[in-house]
Amino acid sequence: MKPIQVGLLGIGTVGSGTFNVLQRNQEEIRRRAGRGIEIAMVADLDTERARSVVGDTAKVVGDAREIIANPEIDVVIELIGGYGIAKALVLEAIAAGKHVVTANKALLAVHGSEIFKAAAEKGVMVAYEAAVAGGIPIIKALREGLTANQIQWVAGIINGTTNFILSEMRDKGLDFDVVLKEAQRLGYAEADPTFDIEGVDAAHKVTLMSAIAFGIPVQFDKAHVEGITKLSAADIKYAEQLGYRIKLLGITKRTDKGIELRVHPSLVPTKRLIANVEGAMNAVVVHGDAVGTTLYYGKGAGSEPTASAVIADLVDIARLHTADPEHRVPPLAFQSNTLVAAGGELPVLPMSEVVTSYYLRIRVADEAGVLAKITSILAGMGISIDALLQREAGEVSGDSEGSQGVPQTDLIILTHATREGDMDTALAQIQQLPTVLAPINRIRKEELN
Ligand code: HSE
């Protein structure tokens, strides 16, 4: 059978990895796919760089629309990124009847409904294994391997940059700003790291996993997104003393009231495998009613790990190209006519309705009755304390006598599960106490059991 013809839009890190792995493993890939997979055209603004990667094996063009206009091309791989031209080209490729493979989590998390609808109308596939957790086949696992299950929750370290920064903060006892600069110097963090450090990249990825896990539309606008910029070395150290590590988690959970969809730093018990995922690695834990808890670990970014996912999608497309569209795996795992309407039976819950437990660090004047006032406010909101530490404020920060000239101490409180709205009310009251000397640090805690 004639090899499937592929057009590649953008040949940077992942594009070159895709080309190289396809070349290197072409015989095995052909045996698996049942036919060859050939990158016939490459579009990149930097045509010289493109030629230096593909030589004369593929036609190099500066204009991506030449690929879309070519009737010989069966599949378009979009590796441009972002919402702008990438969105236009993906929709044009679909309109031209081409299957699309993309690593663009931002595009799908925000415009997924429109893109999947257009693809269904045209009878083409949009595949996106590389968009979530790089080389880890988590989309395949959620969509196919776990298809028997009612998925109950998914929690993942799905941003390598922030996991690298958190690992360094813990290892070296350094604050966020210092480690970020070092990560940028070493090339682990982008010059503009906003999407990574503010949790946006992780939120794109967990939004996609949430849709697949629960059969709901992609709803990035409903995700709660918090990054790691406010974390301090002190919190990481205190968490460690209590038996926890702090990780930036993307979490989505089915509850009686609806779906939780959130990204924020979380304390995770050190004994959990995921708490020990260090450096730029990714890991995702999925809990299904039949299978129990499963863990997926690997490289979440990089040239060949991401290429591994892109090529897996190409192989799926090569196999299913001739199948009736009704009999292909649906892009969001559930048949599109069964997706639960946004805001319907399974609404994404506002953060105030999320139930979780908390780590609180409260800088207080070290005097009689302070603790009693705080615990009484917590008790008044029905919030139960799980553990409590008191530490000299100077032990970590070196300023046990603060600007007010009064002895200070840090109270570290772990709570049992409570509604976030109740915690907000309690913290607002505690913050008003004259003996509370600094903004309260609140970090959510997930037992993941
Ligand atoms: N910037 C991402 C990360 C990789 O640091 O994990 C691509 O999503």
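Rules behind the numbers
Note on numbering: residues in each chain are counted from 1, in written sequence order. Two thresholds apply to this predicted model, a pLDDT of at least 70 for residue-level local features and 80 or more for giving and counting side-chain atom pairs, whereas whole-chain, interface and lining totals are computed over all residues. Side-chain figures throughout are based on the complete set of non-hydrogen atoms in the structure, without hydrogens or water. UniProt positions are given in the numbering used here, feature names are shortened, and annotations may be inferred rather than shown by experiment. A pairing counts as a salt bridge when a side-chain nitrogen of Lys or Arg comes within 4 Å of a carboxyl oxygen of Asp or Glu. Think of it in three bands: with a 1.4 Å probe and only protein chains considered, a residue is buried below 20% of the maximum accessible area for its type, exposed above 50%, and partly exposed in between. Helix numbers and strand numbers start at the N terminus; a helix is a DSSP run of H or I with at least 4 residues, a strand a run of E with at least 2. By definition, residues are in contact when any of their heavy atoms lie within 4.5 Å. Handedness of a crossover is defined as follows: with both strands directed away from the viewer, a clockwise route from the first strand across the helix to the second makes it right-handed. We call two strands paired when DSSP finds no fewer than two bridges between them. Throughout this document, a residue counts as near a molecule or strand when at least one of its heavy atoms sits within 4 Å of that molecule or strand. Whenever a nitrogen or oxygen atom comes within 3.5 Å of another N or O atom, the pair is scored as a polar contact, on the condition that within protein one atom can donate a hydrogen and the other can accept it, and that pairs from neighbouring residues in sequence are kept only if both atoms are in side chains. Computed with the Shrake-Rupley method and a 1.4 Å probe, the accessible areas treat only the protein chains shown as cover for residues. Classification convention: Asp, Glu, Lys, Arg as charged; Ala, Val, Leu, Ile, Met, Phe, Trp, Tyr, Cys, Pro as nonpolar; all other residues, Gly among them, as polar. Axes here refer to lines fitted to C-alpha atoms; in helices the fit is confined to the stretch in contact. Angles between the N-to-C directions go from 0 to 180 degrees. Comment on the angle field: the value is read as roughly parallel under 35 degrees, roughly antiparallel over 145, roughly perpendicular from 65 to 115, and oblique elsewhere. Here a crossing is called left-handed whenever its near helix is offset anticlockwise from the far helix by less than a right angle, and right-handed whenever the offset is clockwise. Stacked, edge-to-face and tilted are the three classes for Phe, Tyr and Trp ring pairs, Trp counted by its six-membered ring, which pair at centre distances within 6.5 Å; planes under 30 degrees apart are stacked, over 60 edge-to-face, the rest tilted.

- Looking up the protein in an unreviewed UniProt entry gives the name Homoserine dehydrogenase, with the organism given as Delftia acidovorans.
- Taken verbatim from the UniProt record of the protein, the Sequence similarities (unreviewed entry) comment is "Belongs to the homoserine dehydrogenase family."

Considerations on the pattern of salt bridges
Okay, step 1: For the structure on display, the rule yields 35 salt bridges.
Okay, step 2: A salt bridge links Lys59 to Glu66; the nearest nitrogen and oxygen atoms lie 3.8 Å apart.
Okay, step 3: You can call Lys59 partly exposed: its relative accessible area is 48%.
Okay, step 4: When its relative accessible area of 38% is taken as the criterion, Glu66 is described as partly exposed.
Okay, step 5: The shortest N-O distance in the salt bridge between Asp316 and Arg319 comes to 3.8 Å. In this pair, Asp316 and Arg319 both sit in helix α13 (residues 303-320), 3 residues apart, roughly one turn of the helix.
Okay, step 6: Connected through shared salt-bridge partners, Arg170, Asp171, Glu240, Arg245, Lys247 and Glu278 make up one network.

Some thoughts on the environment of Pro71
Okay, step 1: Positionally, Pro71 belongs in the loop between α4 (64-69) and β4 (75-78).
Okay, step 2: Residues Pro71 and Ala96, spaced 25 residues apart in sequence, show a C-alpha to C-alpha distance of 8.3 Å.

Focus: the environment of Ile385
Okay, step 1: Relative to the helices and strands, Ile385 is located in strand β14 (residues 385-392).
Okay, step 2: Remark: the alpha-carbon pair of Ile385 and His416, spanning 31 residues in sequence, is separated by 5.9 Å.
Okay, step 3: When near neighbours in sequence (up to four residues on either side) are disregarded, Ile385 contacts Thr375, Leu378, Ile413, Leu414, Thr415 and His416.

Regarding the pairing of strand β5 (residues 99-102)
Okay, step 1: Going residue by residue along β5, you find His99 and Val101 tucked away on one face and Val100 and Thr102 tucked away on the opposite face as well.
Okay, step 2: Read from β4 through helix α5 (residues 85-95) to β5, the crossover connection turns out right-handed.
Okay, step 3: When β5 meets strand β6 (residues 126-127), the two strands line up parallel, connected through 2 bridges. Each residue of the ladder has a partner; that of Val100, found in β6, is Val126.
Okay, step 4: You can see the chain leave β5, run along helix α6 (residues 105-122) and come back into β6, and the turn it takes is right-handed.

Things to note about the UniProt feature "binding site: NADP(+)" (unreviewed entry) in the protein
Okay, step 1: The positions UniProt marks with the feature "binding site: NADP(+)" (unreviewed entry) are Leu9, Gly10, Ile11, Gly12, Thr13, Val14, Gly15 and Ser16.
Okay, step 2: Structurally, Gly10 is set in the loop between β1 (4-9) and α1 (13-24).
Okay, step 3: The class of Gly10 is buried, set by a relative accessible area of 12%.
Okay, step 4: Apart from the residues within four sequence positions on either side, Gly10 is in contact with Gly15, Ala43, Asp44 and Leu79.
Okay, step 5: Relative to the elements of secondary structure, Gly15 occurs in helix α1.
Okay, step 6: The exposure class assigned to Gly15 is buried, which follows from its relative accessible area of 1%.
Okay, step 7: In contact with Gly15, not counting residues within four places along its chain, are Leu8, Gly10 and Leu79.

Description of the site of the ligand
Okay, step 1: Lining the immediate surroundings of the ligand are Lys105, Asn159, Gly160, Thr161, Asp196, Asp201, Lys205 and Ala301.
Okay, step 2: At 2.8 Å from an oxygen atom of the ligand is found a side-chain nitrogen or oxygen belonging to Lys105.
Okay, step 3: Residue Lys205 places a side-chain N or O atom 2.8 Å away from an oxygen atom belonging to the ligand.
Okay, step 4: For the ligand, whose accessible area on its own is 260 Å², the fraction buried by protein is 81%.
Okay, step 5: Of all the secondary-structure elements, those providing two or more residues to the shell around the ligand are α8 (160-172) and α11 (200-214).
Okay, step 6: Taken together, the residues that form the shell around the ligand break down as 1 nonpolar, 3 polar and 4 charged.

Notes on the packing of α8 against helix α9 (residues 176-185)
For any two helices packed against each other, one specifies the crossing angle of their axes together with the interaxial distance.
Okay, step 1: Interaxial distance between α8 and α9 falls to 9 Å at its minimum, and their mutual angle equals 125°. Judged on the interaxial angle alone, α9 and α8 are oblique. The interaxial crossing formed by α8 with α9 has right-handed handedness. Residue-level contacts link Phe164, Ile165, Glu168 and Met169 of α8 to Phe176, Val179, Leu180 and Ala183 of α9.
Okay, step 2: Within the contact of α8 with α9, the residues separate by chemical class into 7 nonpolar, no polar and 1 charged.

Focus on the side chain of Thr207
Okay, step 1: Mapped onto the secondary structure, Thr207 falls in helix α11.
Okay, step 2: According to the relative accessible area criterion, Thr207 is buried, its value standing at 1%.
Okay, step 3: Apart from the residues lying within four places of it in its own chain, the contact partners of Thr207 are Ala109, Val218, Gln219, Phe220, Ala223 and Leu261.

Points about the packing of aromatic side chains
Each aromatic ring pair is characterised by the separation of its centres together with the angle its planes make.
Okay, step 1: Enumeration over the complete set of coordinates arrives at 2 aromatic pairs.
Okay, step 2: Pairing Phe116 with Tyr128 gives two aromatic rings, centres 5.7 Å apart and planes at 45°, and the pair type is tilted. With Phe116 in helix α6 and Tyr128 in the loop between β6 and α7 (138-145), this residue pair connects regions lying 12 residues apart in the sequence.
Okay, step 3: By relative accessible area, Phe116 is classed as buried at 8%.
Okay, step 4: When the ring of Phe164 is compared with that of Tyr188, the centres are 4.0 Å apart and the planes differ by 15°; the resulting orientation is stacked. Separated by 24 residues along the polypeptide, Phe164 in helix α8 and Tyr188 in the loop between α9 and α10 (194-197) bring together distant segments of the chain.
Okay, step 5: According to the relative accessible area criterion, Tyr188 is partly exposed, its value standing at 42%.

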